[in-house]
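# Chain and residue survey
Now for the letters of each chain:
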Amino acid sequence: MVYRYESDEDAFEEYPEPGSDLSVLGAGPPPPAGPSPSRFPTPSLPRANQLSLPSSQPPPARVDIPPAAPRSQVYTSAQPADPATRRNGGRLWQVVIGGAAVLVLLALCGLGAAALLIDRDQQPQATPTYQPNAAPTSAAPERLALDSRDTDQAPLTAKELFPGKELKLTDGQPSYQVLKTHSSGSCAVAATGEVADLLVRLGCNQVVRATLRTPDGDHLVTAGLFNLTDKVSAERARDRIRQQLDERQGRFRGLTGGDGTDVLATAPARVGWQVRGHYLAYALVVREDGAAIKAGDTKVREILFDMIELHLSRGVLQQRADGGTAAQPTAAPTDNNGSQGGSTGNSELPGD
């Protein structure tokens with residue numbers, strides 16, 4: 001559809017009213033053929049009343065313009081690349097990159113297989129073979145549990161704890177002299193008061209002890225083991241004994257046996273004790289001259305450590321835990337002088 005804008009002036013000039021002066025209207029050169037120009041500008045559109053006449057000249061041949069290349073195929077170089085050459089080059093690069101990736105993958109697989117083979121060679125696993133006539137292998141001896149008399153039924157013996165007249169604890173150091181040994185099925189003989197009652201209530205059925213003289217000759221010590229029912233009862237005795245000693249409700253007895261050992265029954269003493277399994281190890285130390293022992297006496301501490309830790313725990317009980325054998329208990333208490341010793345009331349200081 002073609003839009004035309006016309007005014008009243010155009011209509012008057014093209015169609016005059018009757019009685020108008022045609023000479024005035026016709027003055028000047030005749031107007032060009034076709035509609036007169038309008039007061040308002042018309043759009044530059046083709047006119048519908050104009051006919052196109054055929055021309056005597058043949059129409060120009062149609063030139064096919066190739067479509068514009070996509071933006072991705074536009075090159076900025078002076079010489080544009082041939083599309084066919086570009087396609088072949090792209091495919092070549094794809095082939096090269098794919099081949100390189102395959103080679104890298106094969107190399108990695110080869111390295112992994114080589115590492116597995118090397119590890120397998122370094123750690124060969126022997127395949128067990130059946131030998132019908134082979135002798136059975138001896139199993140390693142099981143460690144004896146010391147937590148209960150149910151698993152540690154062999155009784156203690158004086159020979160197991162103190163096998164000779166001298167007790168050597170460390171190489172290069174002088175020995176303790178064993179003066180008397182004693183073994184009894186009544187634990188009350190080695191204690192007094194509430195301490196003795198406590199041991200009996202907790203199931204103590206055996207005590208093995210000995211009296212020794214220190215290498216320097218300045219101290220005497222009674223040391224031994226109480227055999228209780230299990231580890232729980234031994235730990236209960238350990239915790240309760242400290243309170244009873246502090247409150248002076250009982251004490252450990254020193255084992256006297258002549259040869260100047262009577263001081264064990266009269267002199268103030270320093271005591272120590274320790275639990276291992278169902279055993280309560282203890283030691284009692286006095287000065288041979290009967291003098292009181294100071295609280296910070298390092299020599300007495302060394303004696304307690306030698307008897308309780310080194311000899312009884314690491315020596316006797318460790319050997320028993322490792323499965324060592326022991327002789328049967330003696331029928332009666334023995335000592336180096338051939339007599340049984342006892343002790344009467346003496347005051348003891350609690351151990352640290």
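This section reports on the structure supplied with the text.

Counting across every chain of the model gives 1 disulfide. Across the disulfide from Cys187 sits Cys204; the S-S distance is 1.9 Å. One disulfide, between Cys187 and Cys204, carries an S-S torsion of -75 degrees and so falls in the left-handed class. Of the two residues, Cys187 is situated in the loop between β2 (176–184) and β3 (191–192) and Cys204 in the loop between α5 (193–201) and β4 (206–213); the sequence distance between them amounts to 17 residues. According to the relative accessible area criterion, Cys204 is buried, its value standing at 10%.

For Asp152, the location among the structural elements is in the loop between α3 (83–122) and α4 (158–161). Asp152 sits in the buried class, given a relative accessible area of 1%.

Before going further, it helps to examine α5. When we look at burial in α5, the residues that qualify are Val195, Ala196, Leu198 and Leu199. The buried residues of α5 occupy an angular sector of 160 degrees when projected down its axis, which confines them to one face. Those residues of α5 that are buried are in contact with β3, β5 (219–227), α6 (231–246), β6 (250–252) and β8 (279–287). At the exit of α5 stands Gly203, carrying a positive phi of roughly 90 degrees.

Attention now moves to the pairing of β5. The buried fraction of β5 amounts to 9 of the 9 residues, a majority that puts the element mostly inside the structure. Every second residue of β5 is oriented toward a common face, with His219, Val221, Ala223, Leu225 and Asn227 on one face and Leu220, Thr222, Gly224 and Phe226 on the other, all of them buried. For β4 and β5, the ladder comprises 8 bridges, and the chain directions are antiparallel. Each residue of the ladder has a partner; that of Leu212, found in β5, is Val221. The antiparallel hairpin formed by β4 and β5 contains 5 residues in its connecting segment, where Gly217 sits at a positive phi of about 80 degrees.

In total, this model carries 8 salt bridges according to the counting rule given. A salt bridge links Asp152 to Arg320; the nearest nitrogen and oxygen atoms lie 2.9 Å apart. In this pair, Asp152 is assigned in the loop between α3 and α4 and Arg320 in helix α7 (residues 298–321), connecting sequence segments 168 residues apart. Salt-bridge contacts for Asp289 lead to Arg287; the nearest nitrogen and oxygen are separated by 3.0 Å.

Applying the stated criterion across every chain yields a total of 3 aromatic pairs. Consider the rings of Phe226 and Phe252, whose centres lie 6.0 Å apart with planes at 35 degrees: the pair is tilted. Pair noted here: Phe226 is in strand β5 and Phe252 is in strand β6, with a separation of 26 residues, a long-range link. Classification of Phe252 by relative accessible area gives buried; the value is 0%.

Residues Val102, Leu103 and Leu106 make up a contiguous nonpolar surface patch of about 310 Å² in total accessible area. Tracing the sequence through the fold places Val102 in helix α3. For Val102, a relative accessible area of 48% corresponds to the partly exposed category.

Attention now moves to the environment of Ala188. With respect to the helices and strands, the residue Ala188 is situated in the loop between β2 and β3. The exposure class of Ala188 is partly exposed, given its relative accessible area of 30%. Taking the C-alpha atoms as reference points, Ala188 and Cys204, 16 residues apart in sequence, are found 9.0 Å from one another.

Take the nonpolar core next. By size, the foremost hydrophobic cluster in this structure holds 30 residues, and its most contacted members are Leu199, Phe226 and Phe252. The set of elements that each furnish at least two residues to this core consists of α5, β5, α6, β7 (269–276) and β8. Setting aside its immediate chain neighbours within four residues, Leu199 contacts Cys187, Ala191, Cys204, Phe226, Ala237 and Leu280. Counting 28 residues, the second-largest nonpolar core is a separate cluster that includes Leu225, Tyr279, Ile308 and Ala321.

Right, let's talk about unusual backbone geometry for a bit. Positive phi, close to 55 degrees, is recorded for Arg248, a residue that is not glycine. Backbone geometry at Asp259 places phi at a positive 55 degrees, although glycine is not the residue there. With respect to the helices and strands, the residue Asp259 is situated in the loop between β6 and β7.

Thresholds, definitions, all that
Residues numbered from 1 in each chain as written. Predicted model: local features only at pLDDT ≥ 70, side-chain atom pairs only at ≥ 80, totals over all residues. Heavy atoms only, no water. Disulfide = S-S within 2.5 Å. Helix = DSSP H or I, 4+ residues; strand = E, 2+ residues; numbered from the N terminus. Buried < 20%, exposed > 50% of the residue type's maximum accessible area, 1.4 Å probe, protein only. Arc of directions from axis to C-beta. Contact = heavy atoms within 4.5 Å. Pairing = 2+ DSSP bridges. Salt bridge = Lys/Arg side-chain N within 4 Å of Asp/Glu carboxyl O. Phe/Tyr/Trp six-rings, centres within 6.5 Å; stacked < 30°, edge-to-face > 60°. Patch = residues over 30% accessible without salt bridge, like charges linked within 9 Å, V, L, I, M, F, W, Y side chains within 5 Å. Areas by Shrake-Rupley, 256 points an atom, 1.4 Å probe, with all protein chains shown as cover. Core = buried A, V, L, I, M, F, W, Y, C linked by side-chain atoms within 4.5 Å.

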